[in-house]
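Each chain, written out:
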Amino acid sequence: MPELPDVEIYKQYFEEHFLNKKVKDVEVLNSKVAPDFPKQALIGHTFTEASRTGKYLMAKLDHGKILSLHFGMTGFLKYTEAESPEYTHFIIHFENGSSMAFSDTRKLGHINVFDNATDFISNYQLGPDALEISKEAFLALVLSKSGMIKSTLTNQKYIAGIGNVYADEILYQASIHPQTRCKSLSNEEVEHLYHCMRDVLTQSIKASAIPDNLPKNFLTPKRGEQDTCPEGRGSIKKLKVAGRSTYICSENQKIKK
């Protein structure tokens, strides 16, 4: 599922291809992806800027409304001047002849229009973005929770943008077992976790969210039980945490009692 770094790449793609072009028409090919979509909110208008909150891409229109896109597990954007890719469910046609196609094999993405960013964030009940939250706010949040640290990191109401894969990477870099209870972590450990979170997300954006482009000490390219820790400290183990497949280093990440 696309997480914060992936959506940041989509934002950059949107900025490169779709800003400052007048919308000519909108096609909703699958109402599940864009239910009751208000086409007239886009037709005749232009996108003036793109932004991102957590796993959501937001595109602001010249009249102030916001187009929001969530990519589900398999969604992506495609600039085209001809045929749209397979599994395209939503298309914006521009007056210059180009189009923006939203393709999604599993149809789990969704597209909406909101009056403003505040309404958008309220509708999805999103916490602060993982790259925007302050260190002080992060410490206060984590230390106030009694659940497992991985569940806290991936709860979009607490922190927006981190999913299964990047939570594993952040916890690996911080040497914290994903089942560790938040209340058992020290201030120093949570502060270190905060810096690891920022570093992992920033490095992943620089790598265009491509696992093989990540630094050699990253766990993400080695998400398999036959692999060994990228730093040679132990074997990679798979376990279930809150129902999600989770990968850890057997030596690097021990549950804190």
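On a predicted model such as this, the values are computed, not experimentally measured, just so you know.

Trainee: Quick question: what am I supposed to make of the nonpolar core here?
Mentor: Here is a general trend for soluble globular proteins: nonpolar side chains tend to be buried in one another's company. With 32 residues, the main nonpolar core has Phe138, Ile149, Leu153, Ile162, Leu193 and Met197 as its most contacted residues. Among the secondary structure elements, those contributing two or more residues to this core are α3 (135-143), α4 (149-153), α5 (164-174) and α6 (187-206). Counting residues per element, this core draws most heavily on α6, which supplies 8 residues. Once residues lying within four places of it in the same chain are set aside, the contact partners of Leu193 are Phe138, Ile149, Ile170, Leu171, Ala174 and Ile176. By size, the runner-up hydrophobic cluster in this structure holds 28 residues, among which are Val7, Phe14, Val33 and Val113.

Trainee: What's the story with α6 in this structure? I'm lost.
Mentor: Turn by turn, an α-helix covers 3.6 residues, leaving residues three or four places apart pointing in a common direction. The end-to-end C-alpha separation of α6 is 29 Å, in line with the 28 Å expected for 20 residues at 1.5 Å each. Where α6 is concerned, the buried positions are Val190, Leu193, Tyr194, Cys196, Met197, Val200, Leu201, Ser204 and Ile205. Buried residues belonging to α6 abut α1 (4-17), α3, α4 and α5. Positive phi appears at Ser208, one or two residues downstream of α6, with a value of about 60°.

Trainee: I would appreciate a short explanation of the state of the cysteines in the present structure.
Mentor: On inspection of all chains with the given rule, the structure shows 0 disulfides. The cysteine Cys196 is free of any disulfide, with Cys229 supplying the nearest cysteine sulfur at 14 Å. Between Cys249, a free cysteine, and Cys229, which holds the nearest cysteine sulfur, the sulfur-to-sulfur gap is 3.7 Å. The buried category is assigned to Cys249, whose relative accessible area is 0%.

Trainee: Honestly, the pattern of salt bridges in this entry has me stumped. Any pointers?
Mentor: If charged atoms from side chains of opposite charge come close, those side chains can pair. Across all of its chains, the model carries 10 salt bridges by this definition. Residue Lys65 pairs with Asp115 through a salt bridge whose shortest N-O separation is 2.5 Å. Linking Lys65 in the loop between β3 (56-61) and β4 (66-70) with Asp115 in the loop between β8 (110-114) and α2 (117-124), this pair joins segments that are 50 residues apart in sequence. For Lys65, a relative accessible area of 28% gives the class partly exposed.

What counts and how
- Residues numbered from 1 in each chain as written.
- Predicted model: local features only at pLDDT ≥ 70, side-chain atom pairs only at ≥ 80, totals over all residues.
- Heavy atoms only, no water.
- Core = buried A, V, L, I, M, F, W, Y, C linked by side-chain atoms within 4.5 Å.
- Buried < 20%, exposed > 50% of the residue type's maximum accessible area, 1.4 Å probe, protein only.
- Helix = DSSP H or I, 4+ residues; strand = E, 2+ residues; numbered from the N terminus.
- Contact = heavy atoms within 4.5 Å.
- Expected span 1.5 Å × (residues − 1).
- Disulfide = S-S within 2.5 Å.
- Salt bridge = Lys/Arg side-chain N within 4 Å of Asp/Glu carboxyl O.

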